[in-house]
Amino acid sequence: MKKLLLLFLLVSYSCLKAQSEYSVADNYNKQEVMITMRDGIKLHTTIYSPKDTSKKYPILMQRTPYSCQPYGEDQFRSKIGPNETMMKEGNIIVYQDVRGRWNSEGIYDNMRAFIPNKKKKEVDEASDTYDTIDWLVKNVKNTNKNVGVWGISYPGFYSTYSL
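These remarks concern the structure in this document.

Parameters and conventions
Residues numbered from 1 in each chain as written. Predicted model: local features only at pLDDT ≥ 70, side-chain atom pairs only at ≥ 80, totals over all residues. Heavy atoms only, no water. Buried < 20%, exposed > 50% of the residue type's maximum accessible area, 1.4 Å probe, protein only. Helix = DSSP H or I, 4+ residues; strand = E, 2+ residues; numbered from the N terminus. Pairing = 2+ DSSP bridges. 1 Å grid on protein atoms, 1.4 Å probe; cavity = no way out; pocket = protein on both sides within 12 Å on 5 of 7 lines; lining within 4 Å. Points joined across faces, edges and corners; volume = space filled by probe spheres on them. Contact = heavy atoms within 4.5 Å. Polar contact = N/O pair within 3.5 Å; in protein donor to acceptor, adjacent residues only side chain to side chain. Phe/Tyr/Trp six-rings, centres within 6.5 Å; stacked < 30°, edge-to-face > 60°. Lys NZ or Arg CZ within 6 Å of the ring centre and 35° of its normal. Core = buried A, V, L, I, M, F, W, Y, C linked by side-chain atoms within 4.5 Å. Salt bridge = Lys/Arg side-chain N within 4 Å of Asp/Glu carboxyl O.

Description of the pairing of strand β3 (residues 57-64)
Reasoning step 1: The buried fraction of β3 amounts to seven of the eight residues, a majority that puts the element mostly inside the structure.
Reasoning step 2: In the sheet, β3 pairs with strand β5 (residues 143-149) via four bridges, with the strands oriented parallel. Pairing of L60 across the sheet is with G148, part of β5.
Reasoning step 3: In terms of strand pairing, β3 meets strand β4 (residues 92-97) through six bridges, oriented parallel. Residue pairing in the sheet places T64 in a bridge with D97 of β4.

Shown next as structure tokens:
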């Protein structure tokens with residue numbers, strides 16, 4: 001029994017050590033940009049791109065009212081993306097402060113209503129997502145132009161709303 005417990009502890013320690021050794025800063029470049037929406041409002045967007053530029057990557061994006069922290073291109077999260085596997089396999093990970101929150105311009109609306117048949121300057125969360133994705137696929141290097149959105153809680157609302 002003691003040998004089994006010792007083996008379990010060694011394997012657990014090895015797994016934890018392997019997980020903690022992965023460094024986002026060592027494997028990703030970080031860029032912070034302000035993306036202009038169709039009505040002129042700019043949304044703060046953080047882009048983590050793999051340092052390995054030998055191939056093209058999909059973009060995985062989360063829009064959030066909770067903040068893209070830490071702010072500053074030299075400040076990195078310890079983990080990025082929806083899960084550790086997607087972080088380690090090298091996806092372009094994007095976080096965006098939604099309209100009116102944190103470093104984004106505009107007025108925050110807790111549940112901004114969808115506007116069907118929008119006029120040119122009318123905005124909602126769907127148009128902000130569309131404008132952001134349009135900018136990302138045109139301006140981020142090494143993307144294969146495939147974009148996915150994810151989130152739970154409020155970011156899940158934004159992901160669903162984007163569809």
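Side note on the layout of surface pockets
To find leftover empty space, a probe the size of one water molecule is rolled over the atoms.
Reasoning step 1: Size it by volume and the largest pocket reaches roughly 220 Å³.
Reasoning step 2: Residue assignment for the lining of the largest pocket shows that the elements contributing at least two residues are β1 (28-36), β2 (42-50) and α4 (125-139).

Quick word on the environment of Y28
Reasoning step 1: Within the secondary structure, Y28 is located in strand β1.
Reasoning step 2: For the pair formed by Y28 and Y48, sequence separation is 20 residues and the distance between their alpha carbons is 5.8 Å.
Reasoning step 3: Discounting chain neighbours no more than four positions away, the residues touching Y28 are Y22, Y48, S49, P50, K51, F76, I80, M86, M87, G90 and N91.
Reasoning step 4: In this structure the side chain of Y28 is engaged in a polar contact, spanning 3.2 Å, whose partner is the backbone oxygen of N91.

Some points on the packing of aromatic side chains
Reasoning step 1: Tallying each qualifying case throughout the model produces eight aromatic pairs.
Reasoning step 2: Ring centres 5.8 Å apart and planes at 70 degrees place the aromatic pair Y95 and W150 in the edge-to-face group. Here the residue Y95 occupies a position in strand β4, and W150 occupies one in the loop between β5 and α5 (154-162), the gap between them amounting to 55 residues. Considered together, Y95 and W150 belong to a single accessibility category, that of buried residues.
Reasoning step 3: Between F114 and Y161, the aromatic rings sit 6.3 Å apart at their centres with planes inclined by 65 degrees, giving edge-to-face as the arrangement. Of this pair, F114 sits in the loop between β4 and α4 while Y161 sits in helix α5; the two residues are 47 residues apart in sequence, bridging distant segments of the chain.
Reasoning step 4: Note on F114: relative accessible area 49%, which makes it partly exposed.
Reasoning step 5: Exposure remark for Y161: the relative accessible area of 15% places this residue in the buried category.
Reasoning step 6: Here a set of aromatic residues connected by ring pairs shows up, and it is made of F114, Y154, F157, Y158 and Y161.
Reasoning step 7: In this structure, R77 is placed above the aromatic ring of Y95, and the distance from its NZ or CZ to the ring centre is 3.7 Å.
Reasoning step 8: Seen from the ring of Y108, R101 lies directly overhead, with NZ or CZ sitting 5.1 Å from the centre.

Some remarks on the nonpolar core
Generally speaking, nonpolar side chains in soluble globular proteins are found buried as a group.
Reasoning step 1: Judged by nonpolar contacts, V33, I35, M37, L43, I47, Y57, I59, M61, I92, V94, L136 and V140 together constitute the single largest core of twelve residues.
Reasoning step 2: Broken down by element, this core gets its largest block of residues, three residues, from β3.
Reasoning step 3: For M37, the residues in contact, after removing those within four places along its chain, are L43, R99, D128, D131 and T132.
Reasoning step 4: Within the second largest apolar cluster, eleven residues are counted, among which are V24, Y48, C68 and M87.

Focus: the pattern of salt bridges
Should their charged atoms come close, side chains of opposite charge can pair.
Reasoning step 1: Evaluation of the coordinates by the stated rule reveals eleven salt bridges.
Reasoning step 2: Taking the shortest distance from any N to any O, the salt bridge between R38 and D131 comes out at 2.7 Å. Of the two residues, R38 is situated in the loop between β1 and β2 and D131 in helix α4; the sequence distance between them amounts to 93 residues.
Reasoning step 3: On the accessibility criterion, R38 (29% relative accessible area) is partly exposed.

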